[in-house]
Amino acid sequence: MRVYLDHHATTPVDPEVLAAMLPYFTEKFGNPASKTHLWGWEADEAVERARGQVADLIGARPRDIVWTSGATESDNLAIQGVVEFYAERGDHIVTAATEHKAVVDCCKALERAGRARVTWVPVDGNGLVDPQEVRAAITDRTVLVTIMHANNEIGTVQPIAEIGAVARERDVLFHTDAAQSAGVLPIDVEAMKVDLLSLSAHKVYGPKGCGALYVRGRQPRARLRPILYGGGHERGMRSGTLNVPGIVGMGAACELVARRRDGDVVRLSALRDRLREGLLGRISDVKLNGHPTERHPGNLNVSVRFIEGESLLLALEDIAVSSGSACTTASLEPSHVLKGIGLPDGLAQGSVRFGVGRSNTEAEIDYVIERVASEVARLRGLSPEFRMRASV
Ligand SMILES: *Cc1c(COP(=O)(O)O)cnc(C)c1O
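Computed from a predicted structure; not experimentally measured. (Residues numbered from 1 in each chain as written. Predicted model: local features only at pLDDT ≥ 70, side-chain atom pairs only at ≥ 80, totals over all residues. Heavy atoms only, no water.)

Caption draft 1: A look at unusual backbone geometry. Cis geometry is adopted by the peptide bond preceding Pro-220, which originates at Gln-219 and carries an omega value of -10 degrees. Checked against the element boundaries, Pro-220 lands in the loop between β8 (211-215) and α7 (244-282). Look at Glu-234: it is not a glycine, yet its phi comes out positive at around 50 degrees. Tracing the backbone through its elements, the reader meets Glu-234 in the loop between β8 and α7. Although it is not a glycine, Asp-285 sits at a positive phi angle of roughly 55 degrees. In this structure, Asp-285 sits in the loop between α7 and β9 (286-289). Note on Asp-285: relative accessible area 25%, which makes it partly exposed. (Helix = DSSP H or I, 4+ residues; strand = E, 2+ residues; numbered from the N terminus. Buried < 20%, exposed > 50% of the residue type's maximum accessible area, 1.4 Å probe, protein only.)

Caption draft 2: Examining helix α11 (residues 362-381) more closely. With 20 residues, α11 ought to run about 28 Å at 1.5 Å a step, and its terminal C-alpha atoms sit 29 Å apart, in line with that. Of the positions making up α11, those classed as buried are Glu-364, Ile-365, Val-368, Ile-369, Arg-371, Val-372, Ala-373, Glu-375, Val-376, Leu-379 and Arg-380. (Expected span 1.5 Å × (residues − 1).)

Caption draft 3: Just the pattern of salt bridges, in detail. Under the definition given, this model contains 29 salt bridges. The residue Arg-51 makes a salt bridge to Glu-48 at a minimum N-O spacing of 2.8 Å. Taken together, the positions of Arg-51 and Glu-48, both in helix α2 (residues 38-58) and three residues apart, correspond to about one turn of that helix. With a relative accessible area of 35%, Glu-48 lands in the partly exposed category. The partner of Arg-378 in a salt bridge is Glu-375, and the shortest N-O contact between them spans 2.8 Å. Linking Arg-378 with Glu-375, this pair stays in helix α11, spanning three residues, or about one helical turn. The exposure class of Arg-378 is partly exposed, given its relative accessible area of 44%. The network of salt bridges with shared partners includes Asp-14, Arg-260, Asp-264 and Arg-358. (Salt bridge = Lys/Arg side-chain N within 4 Å of Asp/Glu carboxyl O.)

Caption draft 4: Summary view of the domain arrangement of the protein chain. Annotation of the protein chain at the domain level lists domain 1 (3-8 + 261-383) and domain 2 (15-256). A separation of 28 Å is found between the C-alpha centroids of domain 1 and domain 2. Every contact between the two is made by 24 residues of domain 1 and, on the other side, 28 residues of domain 2. Both faces considered, domain 1 and domain 2 share a buried interface measuring about 2300 Å² in area, 54% of it formed by carbon and sulfur atoms. If you sort the residues of domain 1 by the area they bury against domain 2, Arg-261, His-336 and Arg-358 come out on top, with a joint share of 30%. The tally of links from domain 1 across to domain 2 stands at zero salt bridges. Across the domain 1-domain 2 interface, the total number found is 13 residue pairs in polar contact (both at pLDDT 80 or more). If you list the elements that add at least two residues to the side of domain 1 that touches domain 2, you get α7, β10 (299-304) and α9 (336-340). Take the side of domain 1 that touches domain 2: its biggest share by element is four residues, from α9. (Domains from an automatic or database assignment. Contact = heavy atoms within 4.5 Å. Buried area = accessible area lost by both parts, 1.4 Å probe. Polar contact = N/O pair within 3.5 Å; in protein donor to acceptor, adjacent residues only side chain to side chain.)

Caption draft 5: Representation of the sheet that holds strand β5 (residues 142-146) in the model. Taken in spatial order, the seven strands make up an open sheet running β2-β8-β7-β6-β5-β3-β4, and their pairing is mixed. The open sheet has two free edges, formed respectively by β2 (65-68) and β4 (117-121), since each of these has just one partner strand. Neighbour to neighbour, the strand axes of the sheet diverge by 20 degrees on average, direction disregarded. Where strand β7 (residues 196-200) meets β8, five bridges bridge the pair, whose relative direction is antiparallel. Of the residues in β8, the one forming a bridge with Leu-196 is Val-215. Of the strands in this sheet, β3 (92-96), β4 and β5 touch helix α4 (residues 101-112), which is tilted by about 145 degrees from β4. (Pairing = 2+ DSSP bridges. Axes fitted to C-alpha atoms, helices over the stretch in contact; angles between N-to-C directions.)

Here is the structure:
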């Protein structure tokens, strides 16, 4: 048996999505920027239909959707674009240490280049940002608040509407990275007072290499300086010939989310809870990471004491999961998110992220519980620290 439980890393393309995309590689190959013939019109129509499908999922106007290559580009375009456009007004960004690397490293690069100053608001032990901390961090020089919706490692869901209200009250633009949440949580850019929002197709059963940035067009209008210059596509905000099959796929994937979300959430959270209870029942000294209730319905992140997450992952080669540490050089550097919630290095190194998705079954979850429990027992048997503790 092989089980894929890494749906935060990527999801498979839904067959319905693939079917919608296929004609746009071959028969319908036109360039939507070709305004003078049928081939171009046909591609343009498909792109505009997809723009509507993506906009509908987040309560936006279709004209406020900008196509990108994925959430990494969307995050960079939002942050660099706002900082550069509003350079006269200010240079200050408010964000959190537990953001995705696309946000963290973009902010750090702007800081290094002397283009921005960054305030990293603290998160609590569950990874939650306090909107009052955001309010306290905003100054007269603040041009952007960027706080993600659902965290990709620990699943914690931020109080986006409250943070949006705080930013709006101070006339500061608010960006949120919704790559993980878009498939499972309702999003309404009006109610949440979001001005910029990043999406990625491959996190919601669409193709890789395609994403979108919502850029509020009015009340208030968010302005960006582009990162890419060229033909002036996407109202000058993102030049480059559009990835038509990818965009069609992203539109179809978003429409599918709208139809499936309620059912998916019930199934995913039941499977995730079964996994959590199974692991807690079979393994001692396990800590749950992330918020107990305000979390992504498919996310489970646990720290298993007395083992290294990387060793467990290597032992579970038939099960796709992720660990909280990235193998950098020779040392196991704990993830910035687990560090951000104050997890001690020992626990951060023993962390494993499970991401349940649409195709998973109860039988798969039961198999994973069994395999993880037996590998943890085997690895702990090899751990002097664990044996010493067991003997006292
Ligand atoms: C996956 C992910 C990204 C990066 O998206 P790509 O489309 O792969 O560039 C950014 N932010 C979050 C929260 C993610 O989960």
